[in-house]
Amino acid sequence: MKRRDFLKAGTVAAGAAAVTAASNFAKPAIAQDRVEMNIVSTWPRDFPGLGTGAQRFAQRVSDLSEGRIQVQYFAAGERVGAFDAFDEVASGNAQAYHGADYYWKGRHPGWAYFTAVPFGLTYTEMNAWIRFAGGQELWDELGAEFGIKGLMCGSTGVQMGGWFNKEINSADDLKGLKMRMPGLGGDVLAKLGASPVSLPGGQIYENLVSGAIEATEWVGPWNDYAMKFYEAAKYYYYPGYHEPGSMLACGVNKAWWDSLTDIDRLLIESAATVENDVMMSEFNANNGTYLRKLIQEQGVQVRKFNDDVYDSFGEASEAVFEEARAHSDLANRIHESFLAARSDIGGWANLADAAYVQQRNRVLGV
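Scope of this entry: the structure provided in the associated data block. (Residues numbered from 1 in each chain as written. Predicted model: local features only at pLDDT ≥ 70, side-chain atom pairs only at ≥ 80, totals over all residues. Heavy atoms only, no water.)

## Digging into the overall build of the protein
Move 1: Check the secondary structure of the protein and you find 12 helices and 11 strands.
Move 2: Expressed as lengths along the three principal axes of its C-alpha atoms, the size of the protein is roughly 105 × 45 × 45 Å.
Move 3: Split into buried and exposed, the 366 residues of the protein put 48% on the buried side.
Move 4: Long-range contacts, defined here as pairs at least 24 residues apart, represent 77% of the contacts in the protein between residues at least 6 apart.
Move 5: Per element, the accessible surface of the protein, about 16700 Å² overall, is 52% carbon and sulfur.
Move 6: Positive and negative charge centroids in the protein, built from 33 and 45 side chains respectively, lie 9 Å apart. (Helix = DSSP H or I, 4+ residues; strand = E, 2+ residues; numbered from the N terminus. Buried < 20%, exposed > 50% of the residue type's maximum accessible area, 1.4 Å probe, protein only. Contact = heavy atoms within 4.5 Å. Areas by Shrake-Rupley, 256 points an atom, 1.4 Å probe, with all protein chains shown as cover. Lys, Arg positive; Asp, Glu negative; His and termini not counted. Charge placed at Lys NZ, Arg CZ, Asp CG, Glu CD.)

Okay, structure coming up:
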């Protein structure tokens, strides 16, 4: 009887001690497990698609981690300027940025390929290249030179050719034109005698209205309607040669990324992957509606670049590509990988997606 009482008392005591020990252990473990993640963005706060998508990504990281990853999101200008986001993250002052990597092409032309390049990859082709055809590995190699790890985190799809205050009937009409266009697309304009200007989104409208620039590209009808470009230009051209599938990025400080646990890296990557799909879906759902609004409510005149103008874009693009790939061995390897993806993945898309849509629309009279 005494032995039974002794064992019972010992079991209770041991259980209580275990609970106490677990309780004492859990508190500091949870505290140490919390992760701070400051995200700086190149987009204005609450801007449709781009800004709201970046904010949605930040919130998703917080939600998936149940607040353990403590995310603070800063829109352009709230912590640093839009084009200062790269340095803020590379230096470690912030843990991540959300933006378009072609903004950093002045540091290395390879960055342009991981947003969009002239006559480049569509959204589906870009996803295939990054995930399964060597794109991510090259992106990682490029990012390592600057202390950045890149993750796909959104897309706008095929962009419009831009807003003009005059008709563009030949390449000569582009000469001397001051047009907002970043990336290698801007370099193509320069080859054709235009004066490309790189401006963050929040500064485009005021420059277009004031006449500081005479034309601009931005994204597509949904975003362009919100920017009210129709107040300064009435000619809306398509299709854009410069950004056929603009991929947006979550650029993460590499040292911080490497310090995370496997589960946290997977969590952040999963949140980015979801946003990559959701943002493209949102753009596709809204662009048609807002194109109709631009035409019917604002009197915008939609124009298609003629073949001669488009051919001039193509010729100038080849010259720009030659300069880009001459920059370095890495730039050349990125370009070669891009070419292979455009041929193989694009060849299949032409036989499948493009051929089907063309025939479907012919039969339906769309």
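## Structural notes on the sheet that holds strand 7 (residues 195–197)
Move 1: Pairing is mixed in the open sheet, where 6 strands are placed in the order 7-6-8-5-9-11. Unpaired on one side and paired on the other, strand 7 and strand 11 (301–304) mark the two borders of the sheet. (Pairing = 2+ DSSP bridges.)

## Some details on the environment of I295
Move 1: Tracing the sequence through the fold places I295 in helix 10 (residues 262–298).
Move 2: What makes I295 partly exposed here is its relative accessible area of 40%.
Move 3: Between the C-alpha atoms of I295 and S312, which are 17 residues apart in sequence, the distance is 28 Å.

## Comments concerning the pairing of strand 3 (residues 96–99)
Move 1: Residues A96 and H98 line one face of strand 3 and the alternating positions Y97 and G99 line the opposite face, and both faces are buried.
Move 2: Where strand 1 (residues 35–41) meets strand 3, 3 bridges bridge the pair, whose relative direction is parallel. Within the sheet, the bridge partner assigned to I39 lies in strand 3 and is A96.
Move 3: For strand 3 and strand 10 (residues 247–253), the ladder comprises 4 bridges, and the chain directions are antiparallel. Across the sheet, the residue bridging to G99 is A249, located in strand 10.

## Looking at the layout of surface pockets
Move 1: Approximately 1000 Å³ is the volume found for the largest pocket.
Move 2: Around the largest pocket, the lining comprises 36 residues; the ones closest to its centre are T122, V158, P239, P244 and V357.
Move 3: Elements with a minimum of two residues in the lining of the largest pocket: helix 4 (123–132), helix 10, strand 11, helix 11 (307–325) and helix 12 (329–364).
Move 4: The dominant element in the lining of the largest pocket, judged by the number of residues it contributes, is helix 12, at 9 residues. (1 Å grid on protein atoms, 1.4 Å probe; cavity = no way out; pocket = protein on both sides within 12 Å on 5 of 7 lines; lining within 4 Å. Points joined across faces, edges and corners; volume = space filled by probe spheres on them.)

## Examining the pattern of salt bridges
A pair can form between side chains of opposite charge whenever their charged atoms are brought close.
Move 1: Taken as a whole and judged by the stated rule, the model has 21 salt bridges.
Move 2: Across the pair D33 and R68 runs a salt bridge, and its minimum N-O distance is 3.6 Å. Of the two residues, D33 is situated in helix 1 (residues 2–33) and R68 in the loop between helix 2 (50–64) and strand 2 (69–74); the sequence distance between them amounts to 35 residues.
Move 3: Classification of D33 as partly exposed rests on a relative accessible area of 35%.
Move 4: Across the salt bridge formed by K105 and D187, the nearest N and O atoms sit 3.3 Å from each other. (Salt bridge = Lys/Arg side-chain N within 4 Å of Asp/Glu carboxyl O.)

Without other data, these values stay purely geometric and don't point to any function.
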